[in-house]
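The lines below spell out each chain.
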Amino acid sequence: MVLTEVALDKVVVHPLVLLSVVDHFNRMGKIGNQKRVVGLLLGSWSSRGVLDIANSFAIPFDEDDKDQDVWFLDHEYLETMYNMFRKVNAKERIVGWYHTGPKLHQNDIFINDLIRKYCPNSVLVIIDPKPTRIGLPTEAYKVVEEIHDDGSPTNKTFEHVATEIGAEEAEEVGVEHLLRDVKDTTVGTLSQRITNQLMGLKGLNQKLQDMRNYLEKVVAGELPMNHEITYQLQDIFNLLPDVTNPSFVRSLQVNTNDQMLVMYIASVIRSVIALHNLINNKLANKEAEKKEGKKEEVKDKKEEKSDSKKEEVKADSKK
């Protein structure tokens, strides 16, 4: 049996938080050998069950990799920085903390207990600054208490919460300008669209594999049956199109034929243009050869005239 401490359904992370965390991670990577960095999250509840994280700041943190009980977090620095942020924007409150993971650590529960002194319903967001998998680089967790049926003491654990990347209008404009500087201008729009579709298909494949692994573990008895997840999977399968339906097959064939026709016409046009350019090139070469031939004839005539004049001059001198 699990008792949740807060009714949290979704966490929305703003781009400013992602940029701050990446900057924090890169700065600490240059001066030390820390595997992860820790900071505080600021935000507010935008609606019921939705937590909006709009800002963050770094906190001095250190830990011993060999001993999970040895770690240090400067809470005095935390209080000083939060008081300064509160003077700038009083609406933003402490809503949780972050670290760069990329996975949960054994001492995260103890660190979360310290953060709960400033926010009773603290949320942990793991932000991966060097993502190696397809999907969002963020994972959110909330603390829940597990109550055992045998009467043993309760223990705390983390429960996953849905996350998404959201931004206001001003932030969207800033992100667009930033992407213009980052985007490779030498790459065409077609290749970018194909790359985006390929990344989307890879992400879909990964999600399907996760669903398959979950169902296989449920069938094997390794995981208990969760009816809510099963209903959601059934809804996903119900949204899939019926590929055996004749109307669907016909519409897909018509769409494919139209696309292939456009590609065929484009190939024919390219061939005609290439042939046209080849003919124009040959005509231009012929014209150039004719002009060079005329120049040589004129030169030869001038040389013949000059030779004949020299011979006349010699003949006159002998007389």
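The preceding data block contains the structure.
Residues numbered from 1 in each chain as written. Predicted model: local features only at pLDDT ≥ 70, side-chain atom pairs only at ≥ 80, totals over all residues. Heavy atoms only, no water.

### So, the overall build of the chain
Looking only at helices and strands, the chain has seven helices and 10 strands in total. For a compact globule of 319 residues, the expected C-alpha radius of gyration is about 20 Å, and the chain comes in at 36 Å, more than 25% above that figure. Overall, the C-alpha framework of the chain stretches about 140 × 60 × 40 Å when taken along its three principal axes. With 319 residues in all, the chain has 24% of them scored as buried. (Helix = DSSP H or I, 4+ residues; strand = E, 2+ residues; numbered from the N terminus. Rg over C-alpha atoms; globule rule 2.2 N^0.38 Å. Buried < 20%, exposed > 50% of the residue type's maximum accessible area, 1.4 Å probe, protein only.)

### Brief notes about unusual backbone geometry
Going from glycine 101 to proline 102, the amide bond is cis rather than trans, its omega being 10 degrees. Its place among the elements puts proline 102 in the loop between strand E7 (93–99) and helix H3 (108–115).

### A short note on the environment of lysine 305
Summarising the element assignment, lysine 305 is placed in helix H7 (residues 246–318). Residues lysine 305 and methionine 225, spaced 80 residues apart in sequence, show a C-alpha to C-alpha distance of 108 Å.

### Details of a negative patch on the surface
Together, Glu289, Glu292, Glu296, Glu297, Asp300, Glu303, Glu304, Asp307, Glu311 and Glu312 make up a region of like negative charge exposed at the surface. With respect to the helices and strands, glutamate 292 occurs in helix H7. (Patch = residues over 30% accessible without salt bridge, like charges linked within 9 Å, V, L, I, M, F, W, Y side chains within 5 Å. Areas by Shrake-Rupley, 256 points an atom, 1.4 Å probe, with all protein chains shown as cover. Salt bridge = Lys/Arg side-chain N within 4 Å of Asp/Glu carboxyl O. Lys, Arg positive; Asp, Glu negative; His and termini not counted. Charge placed at Lys NZ, Arg CZ, Asp CG, Glu CD.)

### Considering the pattern of salt bridges
In the structure shown here, the tally under the stated rule is seven salt bridges. Notably, a salt bridge pairs glutamate 63 with arginine 36, separated by 2.8 Å at the nearest N-O pair. Of the two residues, glutamate 63 sits in strand E5 (residues 61–63) while arginine 36 sits in the loop between helix H1 (15–31) and strand E3 (38–47), which places them 27 residues apart along the sequence. The residue lysine 156 makes a salt bridge to aspartate 113 at a minimum N-O spacing of 3.4 Å. Of this pair, lysine 156 sits in strand E10 (residues 155–165) while aspartate 113 is found in helix H3, placing the two residues 43 residues apart along the sequence. What makes lysine 156 partly exposed here is its relative accessible area of 33%. Taking relative accessible area as the criterion, aspartate 113 reaches 30% and is therefore assigned partly exposed. Linked through salt bridges whose partners overlap, the residues forming this network are Arg36, Glu63 and Asp108.

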